[in-house]
Amino acid sequence: MSLVHAPSVAAVQVRDRRTVVLDLDARECLPRLLEGSAAAVWHAIDGRRRDHEVVAAVAREFEVPTDQIEVDVMRFLRELTEAGLLSEAP
Amino acid sequence: MTLTLDEAVPLAHALVQHRARQAGIRVLSIKGPVLAAQGLRPEQTSTDADLLVDPAGMDLLTARLEDSGWRARPGYSTPSIIPVHSATLTHPGWPCDLDLHWYYPGFLLDPAVAFDELWSRRSSLLLAGVECAVPSPEASMVIMVLHAQRDHHAAARRDGLDRMLRHLAALDTAQRETLLRFARDSGSIEAMRPVLARAGLVPSEVEQPSPQLDDWMLMVRAENIGAVHWMHRLRTAPWRERPRVLWRALVLPEREIRAQYPHAGAGRLALVGAHLKRLGRGLRRLPQTLRGVQGALREDNR
């Protein structure tokens, strides 16, 4: 399945490798800071890539083997999805 | 997590616009990043997110934001010639405040009518990736001219006024007509007249005097603003209330005097010292204050 940023999410990137995201529907309205590889994962999600393609894109960006980061990136994608920040592309 | 202001402010605009949209409330993001996007101000860090809210929806929007942990900052009892027109909301997880205006000083019309005029000319802008309703560029210029006129002794606002004069002078004929039409429709043309006249857009003579315009002119022309507000309150209060107003002018509540003199010590003696300092400063400035009020009234009576 392809992943997309949830429509209720606002995001700001003022500096490289640092993005702040906010679920506008969440009652507690606390922004979440994504830095380094977390920000890279966020930006690799473009509405077309499937989860394993996101892993590959991040691996290419950091010039590391895919299998070295796959577990961590997949876990992070699940975490973002459970937090309501990602959804499946239509 | 350390959220910086340049990250927080666009997110705060996006948040308020989203919550307002969900509740069916009309809001416009103003100032700050809106001005930069419209080319009316260089990019600079704002310390709060300013939004103009449909007056009819202000209470509901505030309640919705309070549900999410935002809290209204207590106001001060110091009077203002121009009525209270905004509420400031703070949140422990955010470095910026929300400044929600239900009226913008200088629009000398019923706040709901002035908002309708702004809303009918709205534009939109992406802030934090969210489409936000904003005033038209001409309406933003009007807001900034009104803003810059208040307390024109502050260097920052004087710079703002100079910048707006340069923008006004650079408008082409069609843009000038659009701006003047909006200024008339929104009841702000008289409050802006001194600036528009300096830019050569209108004659300097007031066409439509009003008590609201008198108050506005008093506020923008008088020096030593704090004392002038108290004198105006004293002058306009019913006689029976004047002793109470005078007492409040002389003796501020502890929270407010400590806000003005944050370095005062903790004890009662230090508090009395802070009161005496404030009164001494007020007395030293009294001749200047009286000249300011008289000057403003004289100009208004011309």
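Positions within a chain are numbered from 1, following the residues in the order the chain's sequence is written. Each chain is given a letter, starting from A, and each ligand a number, starting from 1, according to the order in which they appear as written. Per-residue local features are limited, in this predicted model, to residues with pLDDT of at least 70; the limit for side-chain atom pairs, both in listing and counting, is 80 or more; totals at the level of whole chains, interfaces and linings are taken over all residues. Each side-chain value is derived from all of the structure's non-hydrogen atoms; neither hydrogens nor water enter the calculation.

Draft legend 1. Structural view of the packing of helix H1 (residues 37-44) of chain A against helix H3 (residues 66-82) of chain A. All names here are of chain A. Interaxial angle, 0 to 180 degrees, is taken between N-to-C directions of lines fitted to C-alpha atoms, where a helix line uses only the stretch in contact. For the purposes of this entry, the term helix denotes a DSSP run of H or I that reaches at least four residues, the term strand denotes a run of E that reaches at least two, and both are numbered from the N terminus. At a minimum axis distance of 11 Å, the contact between H1 and H3 shows a crossing angle of 70°. As far as their axial angle goes, H3 and H1 are roughly perpendicular. As for how H1 packs across H3, the hand of that crossing is right-handed. In contact with Ala 38, Val 41 and Trp 42 of H1, H3 contributes Val 73, Phe 76, Leu 77 and Leu 80. Roughly parallel means an angle under 35 degrees; roughly antiparallel means over 145; roughly perpendicular covers 65 to 115; every other angle is labelled oblique. Left-handed describes a crossing in which the near helix is turned anticlockwise from the far one by less than a right angle; the clockwise case is right-handed. Note on contacts: a residue pair qualifies if any of its non-hydrogen atoms lie within 4.5 Å across the two residues.

Draft legend 2. Summary view of the pairing of strand E4 (residues 86-90) of chain B. Residues and elements named next belong to chain B. Two strands pair when backbone bridges link them, and strand E3 (residues 71-72) and E4 are joined in this way by two bridges, in the antiparallel orientation. Note that in E4 the partner of Ala 72 across the bridge is Leu 89. DSSP-based pairing: two strands are paired if at least 2 bridges between them are found. Bridge count for E4 against strand E5 (residues 97-101) is four bridges, and the pairing is antiparallel. When the sheet's bridge partners are listed, Thr 88 is paired in E5 with Asp 99.

Draft legend 3. Seen up close, the sheet that holds strand E3 (residues 18-23) of chain A. Residues and elements named next belong to chain A. The sheet built from three strands is open, its strands ordered E2-E3-E4 with antiparallel pairing. Lying at the two open borders of the sheet, with one neighbouring strand each, are strand E2 (9-15) and strand E4 (32-35). Geometrically, the sheet is characterised by an average inter-axis angle of 25° between neighbouring strands, direction not taken into account. Two strands pair when backbone bridges link them, and E3 and E4 are joined in this way by four bridges, in the antiparallel orientation. When the bridges of E4 are listed, Arg 18 appears paired with Glu 35. Along the sheet face, H1 touches E2, E3 and E4 and points at about 100° away from the line of E4.

Draft legend 4. Main features of the interface of chain B and chain A. Across the contact, 22 residues belong to chain B and 18 residues belong to chain A. Across the chain B to chain A interface the summed buried area is about 1600 Å²; carbon plus sulfur atoms make up 61%. As used in this structure description, the phrase polar contact means that two N or O atoms lie within 3.5 Å; if the pair is within protein, one of them must be able to donate a hydrogen and the other to accept it, and residues adjacent in sequence are counted only when both atoms belong to side chains. The interface formed by chain B and chain A contains 12 residue pairs in polar contact (both at pLDDT 80 or more). Among the elements that line the side of chain B that touches chain A, the one with the most residues is helix H1 (residues 5-23) of chain B, at nine residues. Residue type decides the class: Asp, Glu, Lys and Arg count as charged, Ala, Val, Leu, Ile, Met, Phe, Trp, Tyr, Cys and Pro as nonpolar, and the leftover types, Gly among them, as polar. Per-class residue counts for the side of chain B that touches chain A are 10 nonpolar, eight polar and four charged. Once two parts are joined, some of their accessible surface, as seen by a 1.4 Å probe, is lost; buried area is that loss totalled over both.

Draft legend 5. Expanded view of the state of the cysteines. Cysteine sulfur pairs qualify as disulfides if the two atoms are within 2.5 Å. Under the criterion given, the structure shown has zero disulfides over all chains. The structure places no disulfide on A:Cys29, whose sulfur is separated from the nearest cysteine sulfur, that of B:Cys96, by 10 Å. Judged by relative accessible area, which is 0%, A:Cys29 ranks as buried. Judged by its relative accessible area of 0%, B:Cys96 is buried. Burial classes follow relative accessibility: with a 1.4 Å probe on protein chains only, a residue under 20% of its type's maximum area counts as buried, one over 50% as exposed, and anything between as partly exposed.

Draft legend 6. Structural detail: the packing of helix H2 (residues 51-62) of chain A against H3(A). Residue and element names in this part refer to chain A. As a packed pair, H2 and H3 sit with axes 9 Å apart at the nearest point and diverge in direction by 125°. As judged from the angle between their axes, H2 and H3 are oblique. The hand of the H2/H3 crossing is right-handed. Between H2 and H3, the residues in contact are Asp 51, Val 54, Val 55, Ala 56, Val 58 and Ala 59 and Thr 66, Ile 69, Glu 70, Val 73, Met 74 and Leu 77, respectively. Per-class residue counts for the contact of H2 with H3 are nine nonpolar, one polar and two charged.

Draft legend 7. Fine view of the sheet that holds E4(B). Residues and elements named next belong to chain B. Strand order in the open sheet formed by five strands is E1-E2-E5-E4-E3, and the pairing between neighbours is mixed. Both edges of this open sheet fall to strand E1 (27-30) and E3, since each of them pairs with a single strand only. Along the sheet, H1 makes contact with E1, strand E2 (48-53) and E5, crossing E2 at roughly 25°. The strands touched by helix H4 (residues 111-120) are E1 and E2; relative to E1, the strand with the most contacts, the crossing angle is about 75°.

Draft legend 8. Highlighting unusual backbone geometry. All names here are of chain A. The backbone of Cys 29 sits at a positive phi, close to 40°, despite the residue not being glycine. Among the secondary structure elements, Cys 29 is positioned in the loop between E3 and E4. A positive phi angle, close to 55°, is found at Glu 63, a residue other than glycine. Along the polypeptide, Glu 63 turns up in the loop between H2 and H3. For Glu 63, a relative accessible area of 72% puts it in the exposed group.

Draft legend 9. Looking closely at helix H11 (residues 242-250) of chain B. Residue and element names in this part refer to chain B. Buried within H11 we find Val 245, Arg 248 and Ala 249. All buried residues of H11 lie within an arc of 105° about the axis, which places them on one face of the element. Away from its buried face, by an angle of more than 90 degrees, H11 presents the exposed residues Pro 243 and Trp 247. Arc definition: it is the arc formed by the directions from the helix axis to the C-beta atoms.

Draft legend 10. Spatial organisation of the nonpolar core. Counting 45 residues, the largest nonpolar core has B:Phe107, B:Leu168, B:Leu179, B:Leu196 and B:Trp216 as the members making the most contacts within it. Mapped by element, the contributors of at least two residues to this core are E1, H4, helix H5 (137-149), helix H6 (155-170), helix H7 (173-185), helix H8 (189-198) and helix H9 (211-221) of chain B. A total of eight residues in this core trace back to one element, the largest contributor, which is H5(B). In terms of nonpolar packing, the next biggest core, distinct from the first, is built from 39 residues, A:Leu33, B:Val27, B:Val34 and B:Ala49 among them. Here, nonpolar core refers to any group of buried Ala, Val, Leu, Ile, Met, Phe, Trp, Tyr and Cys residues whose side-chain atoms link them within 4.5 Å.

Draft legend 11. Inspection of helix H3 (residues 58-67) of chain B at higher detail. Residue and element names in this part refer to chain B. Three or more residues of H3 are buried, namely Met 58, Leu 61, Thr 62 and Leu 65. For H3, the angular spread of the buried residues around the axis is 100°, confining them to a single face. Contact partners of the buried residues in H3: H1, E1, E2, E4 and E5.

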